[in-house]
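Summary of the model geometry
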Amino acid sequence: MKCFFFSVLFFTGILASHSKVTADSLTYYYTLSNQNIKDDNYRNALFFTQKAIQFAKKNNKNIEQALHEFNLGKILYDLKKYDDALVSFLKSATLNNTTISNKAKAESYYHIGLCYMAKENYKEASPYFNKAENLYKDLKTTNKILEVKLQKGLINRFTGKTQEAMTIFKSIIYMPESSILEDLKAKTLYQIGTIESQYNRNNLAIAYLKKALNANNNIELKTSIVLALSTLYDKTLDKNLAYQYLKQYLKLKEELTFLNNKRLGVDDYAKFKEAERLKEQNQFKIQKEEELKSKKISKIISILAIALITILSLLSLSLYKNNKIRTKSNQLLKDKNKELEIAKNKVEKASQARSEFLSTVSHELRTPLNAINGITHLLLEEDPKKNQIDYLSSLKFSGDYLTKFINEILEINKIESNKTEIEEIPFNLKQLLINIKQSLKELAIVNNNDFKLDVDYTIPDFLIGDPTKLSQIILNLINNALKFTKNGVVNVVAKLNNLEDKYATLHFEIIDTGIGIPAEKLESVFDSFSQGSIEVNRKYGGTGLGLTIVKKLITILGGEIHLKSTVNKGSTFSFQLKFEIGKKPIDIVSTSKQNYESKLINKKILLVEDNKINQMITTKMLFNKKVICEVIDNGEEAIELLKISKFDLILMDVHLPGINGTIATETIRKFDNITPIIALTAISLDENREMLLSFGMNDVITKPFIPEVFYSIIADHLK
Ligand code: ADP
């Protein structure tokens, strides 16, 4: 017990040095464990020490765990459970390796040695004692060094080296007297006594044993000493003393058994072992479960990783494929685009070639046509014979037809080549319609038609738009209506459909009670060269281009043409157009036939024209109206002449050798801004009124001339 209490004190010291542990559960368990050891209640001591170990382990307190493992080893050693004690001491030694406390290390080694001694395994014990001795020597703890020495002596003794053992034992007992060494010296004296008894030096043996008995409080050692003395007295035939020591021995033995039983019940150790086993099993189970859990988790992680990798791979693959497909389709699209572009260029080139061809052809036709029309006109004016009048009338009709045809082809060509420009000028709609009615009066009379004009009085007086194109549309439609109606009614309606802010939307209707159009032709009448039927063409004439132009012009002005017709009942052409509301335009009073005759008399006009036939026709036409006419066939000379002479008006052909009419006009305008210059042109694709006016010309007369138009335009520009 004494030895054990020493250990307890020793460990209290160590624990105290770890102030961290003062108030936690470790201190609590440790105190309880110590108290129970003092009370010889080893069962409770075991329980609380185990608790302390578990607690330290759970909280990763290595030093504390080592101390409590050591404590457990000590309890088990006292209970003579050397195998279990050895396990605990070894654990404590391993844990102690991580600490710097040599004292704790030395204690573990020393006790491991003691366990091997108890198990009579001296070979294993020896190195532990050596390790412990070295550490104790460093620590200079004499009593501890001597305790190890005693054990080394015992090893010698049990391995047959009695003499060496004796030398060691003697060195211990000759140590100076000290209370700490009492117990140790008693043990040593007992060893010497038993050796002497072995050699039958009985008296000497008795003397050592008696000394050992006096110096000792250890009940176990006392029991052994008393038994040895009894045996010795028996050997020396002192039966009485032998008996007395035997009696003493039996009493001590009884006491020892009682103490051992008190310390631990028969079942208690079994319970402790069972608890240990269960604990280990539990730990093993937990460990296994944790392993299984972590295996499961890593399995799930692996599966997830594989799934993720698979998804990513599939994604990359699909992206790659997608990319490839896209690149491929992009290439395909590029190729197709190229093909389309080539095809488009071809079509554009073909269409350009077609329009250029048409333009050239019609332009080239105009010049001779001008001669035909001009000469016919002149012949008709020169009092022809009655039979000649019919021929000349036919010639005039054919000439007019061809002129109309060429003009219309040129018009369509221009619209289709997007060369038509839309004018935005103020005009008076009512006046425009009245003028149209006036110009077609004769045709209405020829066919005995009642020609009515119905204009909504709410329509603003002045609108902004393209009056030329609007006239063209309405003229064409009324012309057809009057042509295809006999003894009927032709009504032209203009209504205000909507008035908002600055805009007016007008609804136009050209209604007739004529021959009508069959249902199946309603769509196709707007196609080029489509006439109702061969009979219609024969009977009424026409080019089949009028409605094509009308439809195209309405479309470019932002409207849509509609047609309703019943055969033999009549037709209605309608369309809507939006106009900006404008202010009063500058009045250009066109000159009527009656007026132009007087205006032309004795006027001096310069004709710049290179074509001999045209020169002849134009001069003749002017001469007929008593105009004084001078002719020059190139621009350069005309400029020079104008610098020195004055004319009332200049008629300038556009296509001239050398500088053309436009450049000549531009040059003239540098020194003469007053004399009116009128262009004479067989307008081609790239020529238009605006373009010509931009060079300083005042007006345009197109070839072939329509005499009425020719004279009135000239008269308009004369003072
Ligand atoms: P055309 O110069 O032959 O009149 P259009 O393009 O103006 O050519 O007309 C095409 C055809 O539509 C005409 O030939 C005719 O058959 C038919 N048409 C046009 N307007 C009328 C109408 N008001 N009444 C009956 N038929 C018409």
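Counting restarts for each chain: residues are numbered from 1 in the order of the written sequence. Per-residue local features are limited, in this predicted model, to residues with pLDDT of at least 70; the limit for side-chain atom pairs, both in listing and counting, is 80 or more; totals at the level of whole chains, interfaces and linings are taken over all residues. Excluded from the side-chain calculations are hydrogens and water; all other atoms, namely the structure's heavy atoms, are used.

Taken domain by domain, the protein consists of domain 1 (2-260), domain 2 (265-393), domain 3 (429-581) and domain 4 (593-716). Its C-alpha centre places domain 3 at a distance of 34 Å from the equivalent point of domain 4. As annotated, the domain borders come from an automatic or database domain assignment.

Below, the discussion takes up helix α10 (residues 182-198). Secondary structure elements follow DSSP: runs of H or I no shorter than four residues count as helices, runs of E no shorter than two count as strands, and numbering proceeds from the N terminus. Expected helix span is computed as 1.5 Å times (number of residues minus one). The terminal C-alpha atoms of α10, which comprises 17 residues, lie 24 Å apart, in line with the 24 Å expected from a rise of 1.5 Å per residue. Per-residue accessibility, obtained with a 1.4 Å probe over protein chains only, is compared with the maximum for each type, and a residue is labelled buried under 20%, exposed over 50%, and partly exposed between these values. For α10, a buried count of 14 out of 17 residues is recorded, marking the element as mostly surrounded by other parts of the structure. Directly after α10, the chain includes Asn200, whose backbone phi takes a positive value near 60°.

Our focus in this paragraph is the nonpolar core. Here, the term nonpolar core denotes a set of buried Ala, Val, Leu, Ile, Met, Phe, Trp, Tyr and Cys residues that are joined through side-chain atoms within 4.5 Å. With 67 residues, the main nonpolar core has Phe129, Ile225 and Leu229 as its most contacted residues. Here the element with the most residues in this core is helix α6 (residues 102-118); it accounts for 8 residues. Whether two residues are in contact is decided by their heavy atoms: any pair within 4.5 Å suffices. In this structure Phe129 touches Tyr110, Gly113, Leu114, Met117, Val148, Gln151 and Ile155, once residues within four positions along its chain are discounted. Ranked by size, the runner-up nonpolar core spans 44 residues in total, among them Leu463, Leu470, Leu477 and Ile561.

One side-chain nitrogen of Lys or Arg within 4 Å of one carboxyl oxygen of Asp or Glu is enough to make a salt bridge. Under the defined criterion, the tally for this structure stands at 22 salt bridges. Across the pair Glu220 and Lys80 runs a salt bridge, and its minimum N-O distance is 2.7 Å. Taken as a pair, Glu220 in helix α12 (residues 219-235) and Lys80 in the loop between α4 (62-78) and α5 (82-96) lie far apart in primary sequence, 140 residues in all. Looking at Lys80, the relative accessible area reads 38%, which means it is partly exposed. Lys703 is paired through a salt bridge with Glu609; the nearest N and O atoms lie 3.4 Å apart. Placement of Lys703 in the loop between β12 (699-702) and α26 (707-716) and of Glu609 in the loop between β8 (604-608) and α22 (612-624) is noted, with a sequence separation of 94 residues between them. Here the salt bridges share partners, and the residues they tie into one network are Glu107, Lys144 and Glu147.

Side chains of Leu308, Leu312, Leu315 and Leu319 sit close together on the surface and give an oily, nonpolar patch of about 410 Å² of accessible area. Tracing the backbone shows Leu312 in helix α14 (residues 266-381). The class for Leu312 is partly exposed, based on a relative accessible area of 48%. Put simply, a patch holds well-exposed residues, over 30% relative accessible area, that have no salt bridge, with like charges counted together within 9 Å and Val, Leu, Ile, Met, Phe, Trp or Tyr side chains within 5 Å. Values of accessible area rely on a 1.4 Å probe in the Shrake-Rupley scheme; residue burial ignores everything except the protein chains shown.

A few words on the confidence of the model for the protein. Per-residue confidence from the predictor is given as pLDDT, running between 0 and 100. Of all residues in the protein, 91% have pLDDT values of 70 or greater, and the mean over the chain is 84. Mean pLDDT across the elements of the protein ranges from a minimum in helix α1 (residues 2-17), with 39, to a maximum in strand β5 (residues 503-512), with 96. Long-range and interchain partners of residues 1-23, a stretch whose pLDDT sits below 50, account for 36 contacts in this model, where long-range means more than four residues apart.

We now examine the side chain of Asn373. In this structure, Asn373 sits in helix α14. The exposure class assigned to Asn373 is buried, which follows from its relative accessible area of 10%. In this structure Asn373 touches Gly399, Asp400, Thr403 and Pro704, once residues within four positions along its chain are discounted.

Through backbone hydrogen bonds, the strands of a sheet pair up, either in parallel or in antiparallel fashion. Strand pairing requires that DSSP identify at least two bridges connecting the strands. Spatially, β9-β8-β10-β11-β12 is the arrangement adopted by the 5 strands of the open sheet, whose pairing is parallel. Each edge of the open sheet carries a strand with a single partner, namely β9 (628-632) and β12. In this sheet, neighbouring strand axes are inclined to one another by 25° on average, regardless of whether the strands run parallel or antiparallel. Across 4 bridges, the pairing between β8 and strand β10 (residues 649-653) is parallel. Across the sheet, the residue bridging to Ile605 is Leu649, located in β10. To obtain each axis, a line is fitted to C-alpha atoms, and for helices this fit is confined to the stretch in contact; angles are then taken between N-to-C directions over 0 to 180 degrees. Helix-sheet contacts for helix α23 (residues 635-644) involve β8, β9 and β10, and the interaxial angle to β8 is about 155°.

For the rest of this paragraph, the subject is unusual backbone geometry. Between Lys703 and Pro704 the backbone carries a cis peptide bond, its omega angle lying at -5°. By the secondary structure assignment, Pro704 is in the loop between β12 and α26. A positive phi angle is found at Asp383, which is not glycine, with a value near 55°. In this structure, Asp383 sits in the loop between α14 and α15 (386-416). Among the residues examined, Asp383 registers a relative accessible area of 72% and is labelled exposed. Its identity is not glycine, yet Asn487 carries a phi of approximately 55°, on the positive side. Residue placement: Asn487 occurs in the loop between α18 (467-483) and β4 (489-500).

Moving on to the pairing of strand β7 (residues 570-581). In regular strands, side chains alternate between the two faces of the sheet. The pairing of strand β3 (residues 462-465) with β7 spans 2 bridges and is classified as antiparallel. Across the sheet, the residue bridging to Ile464 is Glu580, located in β7. In this structure, β5 lies alongside β7, joined through 9 bridges in antiparallel fashion. Residue pairing in the sheet places Phe508 in a bridge with Phe575 of β7. The pairing of strand β6 (residues 562-566) with β7 spans 5 bridges and is classified as antiparallel. Among the inter-strand pairings, Ser565 is bridged to a residue of β7, identified as Ser571.

Moving on: the packing of helix α16 (residues 429-439) against α18. Between α16 and α18, whose axes approach to 11 Å, the crossing angle comes to 40°. Taken together, the axis directions place α16 and α18 in an arrangement best described as oblique. Classified by chirality, the crossing of α18 by α16 is right-handed. In this structure, α16 contributes Leu429, Leu432, Leu433, Ile436 and Ser439 to the contact, and α18 contributes Pro467, Leu470, Ser471, Ile474, Leu475 and Ile478. In what follows, roughly perpendicular refers to angles from 65 to 115 degrees, roughly parallel to angles under 35, roughly antiparallel to angles over 145, and oblique to any angle outside these ranges. What makes a crossing left-handed is the near helix being turned counterclockwise from the far one by less than a right angle; a clockwise turn instead makes it right-handed.

Quick look at the side chain of His111 now. Examined against the element boundaries, His111 turns out to sit in helix α6. Note on His111: relative accessible area 2%, which makes it buried. Residues adjacent in sequence count toward polar contacts only when both atoms are side-chain atoms; beyond that, a polar contact is any pair of N or O atoms within 3.5 Å, and within protein one must be able to donate a hydrogen and the other to accept it. A distance of 2.9 Å separates the side chain of His111 from the backbone oxygen of Glu107, its partner in a polar contact. Contact partners of His111, with chain neighbours within four places excluded, come to Phe70, Lys74 and Phe89.

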